[in-house]
Amino acid sequence: MADDRTGSIDTLLHEERRYSPSQEFKAAARWNSPAIYERAQRDPDGFWAEMAKELDWFEPWNKVLDWDVPKAQWFVGGKLNASYNCLDRHVKTWRKNKAAIIWEGEPGDERILTYQDLHREVNRCAATLQRFGVHQGDRVAIYLGMIPELVIAMLACARIGAPHTVVFGGFSPDALSDRIQDSEVKLVITADGAWRRGNIVPLKENVDRALKTCPSVRTVLVVNRVMNATRVPMDEGRDHWWHREMDHSGGTCVEPAVLDSEHPLYILYTSGTTGKPKGLMHTTGGYLVGTQMTSATVLDIKDTDTYWCTADIGWVTGHSYIVYGPLSLGATSVMYEGAPDHPDKDRFWAIIEKYKINVLYTAPTAIRAFMRWGSEFPLRHDLSSLRLLGTVGEPINPEAWVWYRKHIGGDRVPVVDTWWQTETGMMMIAPLPGITELKPGSATFPLPGIEADIVDDRGNSIPLGGGGYLVLKRPWPAMARTIWGDPDRWKRQYWDRFPGIYFTGDGAKRDKEGYYWILGRVDDVLNIAGHRIGTMELESALVSHDSVAEAAVIGIPHEIKGQAIAAFVTLRADETRPHKELIEELKKHVTERIGAIARPDKIFITAELPKTRSAKIMRRLLRDIAEGHILGDTTTLADPNVIQSIKLQYEERE
Ligand code: WTA
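So, here's what we can say about the structure.

Cut-off values and rules
- In this numbering scheme, every chain counts its residues from 1 along its sequence in written order.
- Local features are withheld for residues below a pLDDT of 70 in this predicted model, meaning they are given only at 70 or higher, and side-chain atom pairs are given and counted only at 80 or more; totals for whole chains, interfaces and linings count all residues.
- With hydrogens and water set aside, each side-chain value is computed from the structure's full complement of heavy atoms.
- Helical segments are the DSSP runs of H or I of at least four residues, strand segments are the runs of E of at least two, and each set is numbered from the N terminus.
- Only the C-alpha atoms count toward the radius of gyration. The rule for a globule is 2.2 Å times the residue count to the power 0.38.
- Buried residues are those whose accessible area, probed at 1.4 Å on protein chains only, stays under 20% of the maximum for their type, while exposed residues exceed 50% and partly exposed ones sit between those limits.
- Two strands qualify as a pair provided that DSSP identifies no fewer than 2 bridges between them.
- In this description, a line fitted to the C-alpha atoms serves as the axis of each element, helices being fitted only across the stretch in contact, and the angle between N-to-C directions of two axes falls anywhere from 0 to 180 degrees.
- When the centres of two rings from Phe, Tyr and Trp lie within 6.5 Å, Trp using its six-membered ring, the rings pair. Their planes under 30 degrees apart give stacked, over 60 give edge-to-face, and anything left gives tilted.
- Only Lys NZ and Arg CZ are tested; either one counts as a charge over a ring when it is within 6 Å of the ring centre and within 35 degrees of the ring normal.
- Note on contacts: a residue pair qualifies if any of its non-hydrogen atoms lie within 4.5 Å across the two residues.
- Near residues are defined by distance, with any heavy atom within 4 Å of the molecule or strand qualifying the residue.
- Here a polar contact is taken to be a pair of N or O atoms separated by no more than 3.5 Å, where protein atoms must pair a possible hydrogen donor with a possible acceptor and residues adjacent in sequence count only if both atoms sit in side chains.
- Per-residue and other accessible areas follow the Shrake-Rupley method at a 1.4 Å probe size, with only the shown protein chains counted as cover for residues.

Brief notes about the overall build of the protein
Along its length, the protein carries 21 helices and 30 strands. Taken against the 2.2 N^0.38 rule, which gives 26 Å for 654 residues, the C-alpha radius of gyration of the protein at 24 Å falls within 12% of a compact globule. Taken over the C-alpha atoms alone, the protein extends approximately 75 × 60 × 55 Å along its principal axes. Within the protein, the fraction of its 654 residues that count as buried is 63%.

Focus on the sheet that holds strand E17 (residues 332–336)
Judged by pairing direction, the sheet is mixed, and its seven strands sit side by side in the order E5-E4-E17-E16-E18-E19-E20 without closing on themselves. The open sheet has two edge strands, strand E5 (110–114) and strand E20 (415–418), and neither has a second partner. Mean inter-strand twist for the sheet, computed between neighbouring axes without regard to direction, equals 20°. Looking at chain direction, strand E4 (residues 99–104) and E17 are connected through four bridges and run parallel. Note on E17: the bridge partner recorded for Ile101 is Ser333.

A few points about the packing of aromatic side chains
This structure, assessed with the given rule, holds 35 aromatic pairs. When the centroid spacing of 6.3 Å and the interplanar angle of 80° are considered together, the rings of Trp48 and Trp74 count as edge-to-face. One end of the pair, Trp48, is in helix H4 (residues 44–52); the other, Trp74, is in strand E2 (residues 71–76), with 26 residues separating them in the sequence. Per residue, the accessibility class of Trp48 equals that of Trp74, and both read buried. Just above the ring of Tyr515 sits the side chain of Lys439; from NZ or CZ to the centre is 4.0 Å.

Thoughts on the sheet that holds strand E29 (residues 562–571)
Pairing is mixed across the open sheet formed by three strands, whose spatial order is E28-E29-E30. Either end of the sheet is taken by a strand with one partner, and the two such strands are strand E28 (548–558) and strand E30 (602–605). Pairwise comparison of adjacent strand axes, ignoring direction, gives a mean angle of 20° for this sheet. By the bridge criterion, four bridges tie E29 to E30 in an arrangement that is parallel. Bridge assignment links Phe568 to a residue of E30, and that residue is Phe604. Running over the sheet, helix H20 (residues 619–626) touches E28 and E29 and is turned about 55° from E28.

Some remarks on unusual backbone geometry
A cis amide bond, omega -5°, links Val69 with the succeeding residue Pro70. Assignment of secondary structure puts Pro70 in the loop between strand E1 (63–68) and E2. Omega for the bond connecting His342 with Pro343 falls within 30 degrees of zero, at 0°, which places this linkage in the cis form. Here Pro343 is to be found in the loop between E17 and helix H13 (347–355). Of note in this structure, Arg197 is not a glycine but carries a positive phi near 50°.

Quick look at the site of the ligand
Taken together, the neighbourhood of the ligand is formed by 17 residues, with Asp417, Thr418, Thr422, Asp506 and Arg532 sitting nearest. Measuring from a nitrogen atom of the ligand, one finds a backbone N or O atom of Thr418 at 2.8 Å. Measuring from an oxygen atom of the ligand, one finds a side-chain N or O atom of Arg532 at 2.8 Å. Bound to the protein, the ligand loses 97% of the 520 Å² it would expose on its own.

Given below as structure tokens:
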């Protein structure tokens, strides 16, 4: 399990470096006494109720938690609205003219939306959605680059109680179509294009292709982002320009819908262990409680801070920590449209200097790329405004952690490594920067109110010092409630392996002091540059190509991305083209089926795949070959010669 780190984990557990918060940081931190852990443990429901009081409720709840495995309801009977909590309540205070979103486009254009501005735009968008017949409960898909309209659209959906499903702009038309069909979307919001490294991502064109197989969609709203750089065909009757419709809505106010705490806020698709992505459904009350609390306490965002999370809103990190968490807190959230190396490799540092960013939340993959590019790029800029750094998405190796602290944080700021998932909605295992003594590479401890454990195959807790499966033993407010349209899969996937306990799919170890060290996935899910991609999804994309008979996909260690995709394929008998040409074609094919993030790094064409006598592909052996290890046990292999021949071909190509 967890191939990348098991080898080195014992070294990790001997990590000697420690970093404690400075007195100054501690004194100012939102939480600075360890008593908070004990308070939460003594009375979890009371603790969560206290956290929930930070939100504005139209009607109070009558029960904190109703738990009937695997169905959770939080703040039962409570009524609220997410857009009200992110906007209206701030507009009534001094925050009215505070920047809610500071946005920088890749070409260097800039927009700053105050809470009042955002409130106005969201209202106009909500009115527009209503005009196109979107009602409470209808689903809206949002397929945009990182522009303010993305946030406006999400909050407009939340305002009228229409669950949104944001699809990452890097996904292909096929992937978009699958998601739209699965959640039976009524209206799609997209743009004429998005900027990426100076090129245009043809979003609208992709939507046109996707919608050929999506009969439920009646309307497409098109944001004019790339201006006159490209002309997109508009389907009369179906497609409408966003700016015209927004103008049409004038200064309309749309009362925020009074929604049940358990009303669906959004559906977000993520890869699992089957070929079909699953739509995790998040609801309103508990999700906001969890994301707001962790924004306030782990990221320690204060009213005086300028905060930047570099994730794309197409992933859960952007949902929770660009939009809902920071905005419900009344924070200033920075958004950047483009690539970190455009026009040069110092773009992030230029942004930090320009806006005097105080809190930065990014991913290990990005940090490893920065390390590789060299410290001369951050050195070009004044980064002294930074007072807290965070990371998320994959295990961070201690070298990258220490580099981040030293070269970006000036060796003086805390680094919070936060473990969580699309399913958890909120950070679960993470330091409290005013309390926790940090060890580089460790996500440290479960947050107050969160009960994690590490168990063996039979669900028995493993003593400190050992490793096993990471599980969560008590429900938490921001947890997903189900898989959209597939409650059985929700139960099977997460709650049956260890009955009544949530199985994360990750492996982890705990050192003698109880620090958690996350090892990575133990299932057939890869983590490529912080993006989850199922091996089955990749394999079905490969076998959908006419030339491919069978495919097996594994993750191989990668210096920057953490993991890279390696595919072993066998061809149909009538395929005679040169392998080199075919390999390029297959890489392109996978990109078209899923998106550029899924493009295999290596494809090996082999005569056969190693299989057990019951015809199961032995991925373990493929991994051993790819990593150049001595082969494991091959006695269960139907034909042991297969391995030798694959190995030879692999080595030839390396
Ligand atoms: C991995 C992203 C180690 C883990 C928020 C998890 C991490 C998956 C960390 C979820 C971390 C996330 N340390 N591994 N700090 N954070 N992961 O759903 O394998 O895109 O199960 O959510 O990323 O990925 P997802």
